Structures are given as structure tokens and as C-alpha cells.
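Coordinates in review
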Amino acid sequence: MNIPSLLYLIFVSFFGVMTSFLLPITIGRLRLLIGPALGIIITTELVLIVNLITGFSDNSIIAALLLYGVILMVLYLRSSVILNLTTHQRDPASWHGFQDLSSIFNRVTFKQVMLDFISLIQNHWPLILILFSIGSVVFYVFWTKILSPTPYGLVTGGEGLYGDTALHSAYTMAIVEQGLPPTNPLFARIPLIYPFLVNLFSATLIKLGTNLRFAFILPQLMYFLGFTTLFYWVVKGLHLISWRVTRVRDPNPESHVVVPPEVAGTMREGWDTRAAGPALNQANLTAFFAMLIFFLGWGLGFTQYFDTAIKTGDWSITREYTNNLPGFNMHNVLVGLVFPERSFLPGLFIGMLITALVLEQMSNSTNKSRKEGSDSARQSKIFPQFIIRHSSFIIIGILLGILPLWHMHTFLFFGVAIGVWWVILSFRRNEVTEKSRRNSAVRSRFAGFRASLEMTLKQLFTIYGPALLLSLPVFFWLRQQISHDSFIHFASGWLDSKTNPVFFWLKNTGLLIPLAIFGAFKLSSRTRPFFLPAVLVFIIANFVVFQPWDWDNIKLFSWVFLFISIAAGYTLVGLLSPRMVAGKSGFAGRAMTPPRWTETVMYFTKTVFVLLIFLSLTLSGTLSLTHIVSGEFTIYDNADIELAAWVKDNTKPTDTFLVDPWPNHPIPGLSGRSVYLGYPGHLWVHGISYGEREEEVKKILAGDLSLLENLEIPLKYIVADKNSASSLLKTQLPVVFDNQKFVVFTW
């Protein structure tokens, strides 16, 4: 990685951190962890806009970054306008953009640093443990299984990593070599109809001098860091809301915490956040369980491992245990999606950011409204009042609108979820209005409902308006290639219509769904509706398939089970806690007398039982992770790299090649050139009709050159495997390159 690309990544991350302080969520110093990913998302959007106008070049990439900096400067110059007038109405006395940012650097003494470090561990230990444990595995896989250099070529991991790494390598290099708008390198002369923005940012790094490997790895690590942080914050916030706690702020702006109402007054006087009571500890444990279940699920595939090991005496892990077994299809989210599907991680990050913003709105929906407006806002000549007062909703709408070019299934999930959440918010707001009217002279339920409905419709318009404005052009663009029949179709059960659906999902998720159902009943009435979109999408995804390959609905199910993991984690914590009893609204903490020895034995037994349940939820995924960590395959050998280097030096980016349709062919994967026909499996999944070209390629590689005159598009080069090139060698076509593996003919 050279200095220009390193500086570019540093500035992108810094701008992202600065932007995170403008977001209307009370996440405190954790903003530093979500900032780099946020910076990548915004920078990529600006690069897309600028480069579509000026062309893809180093200068336009830098211009997009400078534009980002200018926008940030304007926003911070008017930060009081934005930050004091978001929808949830922050306290002006305790929240200012520069004040919050500068607090990180105030009182930097050794004692203060150590106190902050201890407080960080005590308040956020689940996040730290997950980042050090799961994060270490993620880093190891990305570092050693994604285009890792060896003396004999580039290697990658097994499972989906092999084919998908080659696919995304082709898309990225096509943008680098051919620019924007992107063309499909696997099917020459058609546009690339795919959520390509994850590859666009990698292409910008390569354009500035980064190699392909680092351009793939570094952004993914930042997305993972940002998503994990937001996931932790959302789970913790949901648990604390369920405990009927109140969010308050310490006078020290660095610690935005959530504490029980009985200590809220003390907190306002500077009370130590570490003594926030059992609610904070239980919320941390819920987050820890939920994140581990999500990252290490799913299913009962581990029973197959033990059955085989006991019968054969071989305890080695030789396969994946959440997928590719009879009846097991719910692939572990890391092995099946995060590692191979490059667009899934930024989708997770954007989706979880939307969730955090919605949670912030819902958690404050019943709070007493504050005075709208301020003198600085009314005098603002830059931002209209509507934008200022509805900034949170506009941000949610923008994030939803950009999702189709990052991850389509995440767009589908949150397109449904946001509507459901706001309907719930409308009913809740109406309930609060009715309660406030009971002691007044006006008792018109209709008037309250009408006011609530009008507000909800206005907010939905503010969200879906920007979303439709940004996403509709993308859908018109997608229609160039995608037909309704090839993508959306109906099914009578996901992947297995013959098996009883209850048995199917019990086999693929274990006790996860029963635990989540139990937890949902124990959740408070304020947080229970938050899980309704997951239930609705679960039902839809069992009967409606949104891609030619039915298995791809797993991307919707992964979001469903992310929320289900939260409810299941809440259940496990409730069962595990020795001083928890079921209250009216869930597990409520209360002071109890010291336990007798019988209670201690009971608690120990219960702990073992809970840990066994937890192990059954995570063992299959753990086995699958162990398997992928230990396997590697050569994706591009030295002969492939040599061919790609010759092609880049001696051919034009617009030249079309005819090659063997391998999934890892170096012409599209490393050189960025388009081929007449790429790997049919990749084309079919994306709805491309390739049958005619497939027959033509077979005949030409067999030596029938008569077809070359009448092809759909003109060819410049034919690349043949040296072991099967005898037919073409007999045709006397000019040979322009050959090595131990390939022969390149010109036409």
C-alpha cells in the first residue's frame, strides 16, 4: 500500500468520524468505531457522482474527497443548527458538535486515561470481547484467505470464498480499467447490473496505488468494526428500554449512558456510570449472547459431526456443518455471507445504522416533547426549517435510498421494516395522546388519532420520499437486465417444500426460535413491537423468492435471525440471572435476601442448562469457522498472474476476449478486460441469459472459426488452455502470447 492510497484511507476515516458526531444517536465515544465505515459509504457515493460526470481518474477521486471535506466544513459551521434541532430534540446545554468532539481531547492526563480505560472495559466489555475473539477470526480469514500471496500464486479460502472472490475481483478490476458506468466483465458489452459500490471503493484504492488484496481487505474490516459496534449498541439499548430505564446524560459529555430511573437524578449530579445497577450488567450480557449467537449460528449440524466422529473415530473437521448437508441450508453468517459476499458487510452496517436511528426515535417517542426551534435555527439561511426539524427522518430515508447499490436484500428488509415500525410508532403516539387527554376537557379519540396519523404520514413521507428519489433510478437501471419472471417467484417453503416447516426450521436453527418467542413475551410492550418486521419478513421469505437462486433468500433470513438472536439472548440472560424474577413487563431486578444453599445449587444447575443451550446454538457455526480457517486453494497461480500482466500491458481496456468459462479465469479477474462469456453460474444467479453464447464458445474453442464472423460482438483475442488448444493451433491463428498454461490467439 503506497503513501497516496494510505493518506486517502486515513482522510476518509477521519471525515467519517467527524460525520458520526453529526448523527442524531447518543452513542458517545463508540462513534470513533463506526466513523471509518461511515466515511467509506459517503465517500463512495460522492466518488460515484463525481466520476459519472468527469470520468474515473485519480483527479476525480481526490475531487470527491475534497467535496466531502467542504460539505463537512459547512455542516460544522452550522452544527448548532443541526444538532440542537433534530427530531428527538437534544438538550442544547449538553450537546454541541464541537464541544462533544473536543471533550475527547480535554483533561488528557495519565490518571484520566486509566480511569477512562477501566470505565471502557466495565461498560463495554461485550464489545471488546467480541472484537478480540470473533474479530480476530475475521481478521485472520480476511488476511490469509483473500488473495493471499504465496510462492506459487494467490490463494483464498474454500466454500463461497473461492468463486465470490473471483467474481468481485473481476467487477473491481473492470471498474479500474474501464471506468464508470461499469460494464459486466463476464458478459461483454452489457452494463454491470449489480450492487457494485462495495467494489467501487476498492477500485478507488487500486487507482491510487493499493494492490488488489489490500483494497479488498481493509474496507471489509472497517465495515465489520462499524457493524459490530452498532449491533452491540442496538441490543444494549433495546434491553435497557425493556427494563423501563431512562436515558440521561452525565455532565461529562463523553459518557452518554442509559441508567435506571431510580439513579437518574444522581447521574445528573455526576454519579459514576459504573454503578448504574443490574440493568446495565444484564444489557451487556444480552448483547454478548446475541452477538455470539448471530456470529456462530446456526442449526443442529453439529449432531452430524458427532455422529460421524463416533462411528469412524476420526474427530477432524473435514467439512462445513451449517450448509451442504441434507436438510441443512441456513449457512453460518460469517462463512456463508460475510467472508464471500463482499456487499453483505456494508449492507449490514447501513442496515444497523438505520436500526440505531429508528431505535433512537422510538425510544423517545413517548417522552415529553421539547420546544421546537431556536434562534439560530430560525435565522439559518443554509438549511430550510423542514430539513432541520426532520433531519433524522431524512437521514434514514437517504440511507434506505442508497442501499440498492450496496445490498439489495438489506434494502428489501428495511423497506418493509421502516413502514412497520412507523405504524407501531403511530399507535404508540396515539396511546400517549389519549392518556394526556383523560384529564382534560377534550376527550375526542378521533382527533387524537387524526393528529397522530397526520404526523406519522408526514414522517413516512420524509423517509420514503428521499428513499424513492434515490432508489427509483437504480430500479429503472436494473430493469435493463432483470426480468420479473427470472427473479421474483413463489415457493411453498424455503428450499424444502416437502419437509414440515416446523421441523425444517428446528433443524436449521435449533432452539433459537422457541427461545426468541419466550423472550418476546417477556419483553416490555415498548420493545416487543420492534421485532414485528422480522416476523413479517420471515413469513414472506418462506414463500416469495427474490432471485433466480432460491438459496439467496438467506440474505433476508440473516436479518430476520439477527433480530431473533436479540430476543433469544434476552431469554438466556433472564434464565441465567440469579436475582431476576419475571415482572409485569419482563425480567425485573429487585433486591432479595442472600440465597440459601439450595438456591445456589439451583442456580448452578440453571447456569449449566443455559450454557448447554447456548452451546447448541453456536457449535455448528464454530465447527464451520474452524473448517474455513484451515482450508485454502490457489485461485490464481503464477501463470495466471503472468497472463494478466501481459494483457494489461499489451491490450486495450475495451478489447473483448473469448476464454474458457472458468469461475477464476485471470482475464476478467486480474486484467479487468471483458470476456465474451464468463462463468455460467455467476451469470445465472444474476438473471443473465447466456445459452446462445455458451454454445458459440464451445464450438470456437473446438476449432470452428466460421462463427467468428457472425458473433454478437466482435472479438479481438482468444485465450485457450494450453492442454486443450490443439484444435485452435491447427487453424494457423496468430499466437501473440503463451506460457506453460495459456495460449493467446489474435483475430
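My aim in this report is to walk through the structure given alongside it, one point at a time. (Residues numbered from 1 in each chain as written. Predicted model: local features only at pLDDT ≥ 70, side-chain atom pairs only at ≥ 80, totals over all residues. Heavy atoms only, no water.)

1. Describing unusual backbone geometry
Residue P181 is reached from L180 by a cis peptide bond, and omega for that bond is -5°. Residue position: P181 is located in the loop between helix 7 (160-178) and helix 8 (197-207). Put simply, G297 and W298 share a cis peptide bond, and its omega is 15°. With respect to the helices and strands, W298 occurs in the loop between helix 11 (278-296) and helix 12 (302-312). Here R189, not a glycine, exhibits a phi torsion of approximately 75°, which is positive. Structurally, R189 is set in the loop between helix 7 and helix 8. Residue classification places R189 among the exposed residues on the basis of a relative accessible area of 53%. Here the phi dihedral of Q732 falls at roughly 65°; this positive angle occurs in a residue that is not glycine. On the secondary structure map, Q732 appears in the loop between helix 30 (726-729) and strand 13 (735-738). Judged by its relative accessible area of 67%, Q732 is exposed. (Helix = DSSP H or I, 4+ residues; strand = E, 2+ residues; numbered from the N terminus. Buried < 20%, exposed > 50% of the residue type's maximum accessible area, 1.4 Å probe, protein only.)

2. A look at the packing of aromatic side chains
Aromatic rings in a pair are described by how distant their centres are and how their planes are angled relative to each other. Evaluation of the coordinates by the stated rule reveals 52 aromatic pairs. An angle of 45° between the planes, with centres 5.5 Å apart, marks the rings of W505 and F561 as tilted. A residue pair is termed long-range when its members are at least 10 positions apart, and W505 in helix 21 (residues 501-509) and F561 in helix 24 (residues 554-576) qualify at 56 residues. Note on F561: relative accessible area 0%, which makes it buried. Ring-pair connections join several aromatic residues into one group, and the members of that group are F224, F227, F231, F294, F295, W298, W494, F504, W505, F538, F557 and F561. Here the guanidinium or amino end of R342 rests over the ring plane of F216, the centre of that ring lying 4.0 Å away. (Phe/Tyr/Trp six-rings, centres within 6.5 Å; stacked < 30°, edge-to-face > 60°. Lys NZ or Arg CZ within 6 Å of the ring centre and 35° of its normal.)

3. Quick look at the side chain of T165
One can find T165 in helix 7. For T165, a relative accessible area of 4% puts it in the buried group. Side-chain polar atoms of T165 contact the backbone oxygen of L161, separated by 2.5 Å. If near-sequence neighbours (up to four positions away) are discounted, T165 is found in contact with I146, L147, T156, G160, F216 and I635. (Polar contact = N/O pair within 3.5 Å; in protein donor to acceptor, adjacent residues only side chain to side chain. Contact = heavy atoms within 4.5 Å.)

4. Observations concerning a nonpolar patch on the surface
A contiguous nonpolar patch, built from M1, I3, L6, L7, I10 and F11 and spanning about 560 Å² of accessible area, is present on the exposed surface. Looking at the element boundaries, L6 is found in helix 1 (residues 3-20). (Patch = residues over 30% accessible without salt bridge, like charges linked within 9 Å, V, L, I, M, F, W, Y side chains within 5 Å. Areas by Shrake-Rupley, 256 points an atom, 1.4 Å probe, with all protein chains shown as cover. Salt bridge = Lys/Arg side-chain N within 4 Å of Asp/Glu carboxyl O.)

5. Details of the sheet that holds strand 2 (residues 153-156)
Spatial ordering of the open sheet is given by 1-2-9, a layout of 3 strands whose pairing is antiparallel. Single-partner strands in this sheet number two, and they are strand 1 (148-150) and strand 9 (633-637). Put simply, the sheet's adjacent strands are angled 40° from each other on average, direction ignored. Summarising the sheet, strand 1 and strand 2 pair through 3 bridges and their orientation is antiparallel. When the sheet's bridge partners are listed, T150 is paired in strand 2 with G153. (Pairing = 2+ DSSP bridges. Axes fitted to C-alpha atoms, helices over the stretch in contact; angles between N-to-C directions.)

6. A short note on helix 12
Listed as buried for helix 12 are F302, Y305 and A309. The buried residues of helix 12 occupy one face: seen down the axis, they fall within an arc of 50°. In this structure, helix 12 carries I310 and K311 as exposed residues pointing more than 90 degrees from its buried face. Where helix 12 is buried, its residues touch helix 25 (597-630). Count one or two residues on from helix 12 and you reach G313, which has phi positive near 80°. (Arc of directions from axis to C-beta.)

7. Considering the environment of Q361
Here Q361 is to be found in helix 14 (residues 344-363). Taking the C-alpha atoms as reference, Q361 lies 9.0 Å from F393; in sequence the two are 32 residues apart.

8. Some thoughts on the packing of helix 1 against helix 2 (residues 31-54)
Following both chains from N to C, one finds helix 1 and helix 2 inclined at 110°, their axes separated by 6 Å at the closest point. As far as their axial angle goes, helix 2 and helix 1 are roughly perpendicular. Along this stretch, helix 1 crosses helix 2, giving a crossing that reads as right-handed. Taken together, the residues of helix 2 that come into contact with helix 1 (itself represented by Y8, V12, S13, G16, V17, T19 and S20) are R31, L32, I34, G35, P36, L38, G39, I40, I42, T43 and V47. Along the lines of polarity and charge, the residues of the contact of helix 1 with helix 2 split into 10 nonpolar, 7 polar and 1 charged. (Parallel < 35°, antiparallel > 145°, perpendicular 65-115°, else oblique. Left-handed = near helix turned anticlockwise from the far one by under 90°. Nonpolar A, V, L, I, M, F, W, Y, C, P; charged D, E, K, R; others polar.)

9. Observations concerning the sheet that holds strand 12 (residues 717-721)
Note on sheets: strands pair through backbone hydrogen bonds, and any given pair is parallel or antiparallel. The sheet built from 5 strands is open, its strands ordered 11-10-12-14-13 with mixed pairing. Lying at the two open borders of the sheet, with one neighbouring strand each, are strand 11 (674-675) and strand 13. Judged from the 2 bridges that link them, strand 10 (residues 656-658) and strand 11 form a sheet pairing that is parallel. The residue of strand 11 that forms the bridge with F657 is V675. The sheet contacts of helix 26 (residues 638-650) involve strand 10, strand 12, strand 13 and strand 14 (742-746), and relative to strand 14 the element is tilted by about 20°.

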